[in-house]
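Chain by chain, the residues run as shown.
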Amino acid sequence: MAHFSWTDDLYTGNKLIDGEHRALVGLVNALFETMNGGQGNERMSKAMHELIVYTGDHFGREEAQMERIQYVASLAHKAEHTKLLRQLTDLGAMLEAGGKINIPAVSDFLSEWLRNHILTMDMKLGAALQMQHSGEPAPQQH
C-alpha cells in the first residue's frame, strides 16, 4: 500500500492550512503503516484516533477562518468535513470493537478524499483567504 505523497499542487497558499494539511498527510501515512504492517486493531485504533482528533481540530480551525471572512461556500465545505469525520469515527469504532476493515479500500478512500478535498474545496478557501488578506473582495462561488 502506497503512502500518500505530498505534491506541490496541494499548496493552497495559506501557511496555516498547508502546514496542517502536511501534518494530516503524516497522520494518514502513520495509519497506513499500521494497516500495512499488520500491527493489529489496537495499534490501528490508536492511529485512527489520533487522525480523528487532529482532523476535527484542523476542520475547526478552517471553519473558524471561513466564518471570519464570511466565506460564501462555507456550508458545503463544512458538510464535507462533517461527513468525513462521521466516516472516520465509524471506522474507529469498528476497529475498537475488534472488527475487520477493508484495508485497501480505506487506504484508497482516505487518499482520494484528502487529495480531492484539498484540490477543490481547500484551494477555493485558500484563494478567498488570500484575497481577504490583500484587501480585495473574495470571489463569489457558484
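Check the entry above for the structure.
Note that the structure is predicted; figures quoted are calculated from it, not measured. (Residues numbered from 1 in each chain as written. Predicted model: local features only at pLDDT ≥ 70, side-chain atom pairs only at ≥ 80, totals over all residues. Heavy atoms only, no water.)

J.: With reference to specific residues and values, describe helix α2 (residues 40-69).
T.: Here α2 is 30 residues long and its end C-alpha atoms lie 44 Å apart, about the 44 Å a rise of 1.5 Å per residue gives. Just beyond α2, the residue with positive phi is Gln70, at close to 55°. (Helix = DSSP H or I, 4+ residues; strand = E, 2+ residues; numbered from the N terminus. Expected span 1.5 Å × (residues − 1).)

J.: Tell me about unusual backbone geometry, residues and numbers included.
T.: Positive phi outside glycine occurs at Gln70, with the angle close to 55°. Structurally, the position occupied by Gln70 is in the loop between α2 and α3 (74-96).

J.: How would you summarise helix α1 (residues 15-36) if you had to cite specific residues and measurements?
T.: Compared with an ideal rise of 1.5 Å per residue, which puts 22 residues at 32 Å, α1 spans 31 Å between its outermost C-alpha atoms and is within 8% of the ideal. For α1, the side-chain oxygen to backbone nitrogen distance between the N-cap and Leu16 is 3.2 Å, and the N-cap itself is Asn14. (Polar contact = N/O pair within 3.5 Å; in protein donor to acceptor, adjacent residues only side chain to side chain.)

J.: Residues and numbers for the environment of Leu24, please.
T.: By the element assignment, Leu24 lies in helix α1. Sequence separation of Leu24 and Leu114 is 90 residues, and the distance between their C-alpha atoms is 8.9 Å. Each residue touching Leu24, except ones within four places of it in the same chain, is listed here: Leu51, Tyr54, Thr55, His58 and Leu114. (Contact = heavy atoms within 4.5 Å.)

J.: I'd like a description of the nonpolar core, backed by residues and values.
T.: Within soluble globular proteins, side chains that are nonpolar generally end up buried alongside one another. Membership of the largest hydrophobic core comes to 26 residues, with the highest contact counts inside it found for Met48, Leu51 and Leu114. Looking at this core, the elements with two or more residues in it are α1, α2, α3 and α4 (103-134). In terms of residue count, the dominant contributor to this core is α1 (seven residues). Apart from residues no more than four positions distant in its own chain, Leu114 is found in contact with Phe4, Leu24, Val25 and Val28. By size, the runner-up hydrophobic cluster in this structure holds eight residues, among which are Ile17, Met66, Tyr71 and Leu125. (Core = buried A, V, L, I, M, F, W, Y, C linked by side-chain atoms within 4.5 Å. Buried < 20%, exposed > 50% of the residue type's maximum accessible area, 1.4 Å probe, protein only.)

J.: Describe the pattern of salt bridges, listing the residues and the values that go with them.
T.: Overall, the coordinates contain four salt bridges when judged by the stated rule. Of the charged contacts, one joins Glu20 and Arg61 as a salt bridge, the two residues approaching to 2.4 Å between their closest N and O atoms. With a gap of 41 residues between them, Glu20 in helix α1 and Arg61 in helix α2 connect regions that are remote in the sequence. For Arg61, a relative accessible area of 33% translates into the label partly exposed. (Salt bridge = Lys/Arg side-chain N within 4 Å of Asp/Glu carboxyl O.)

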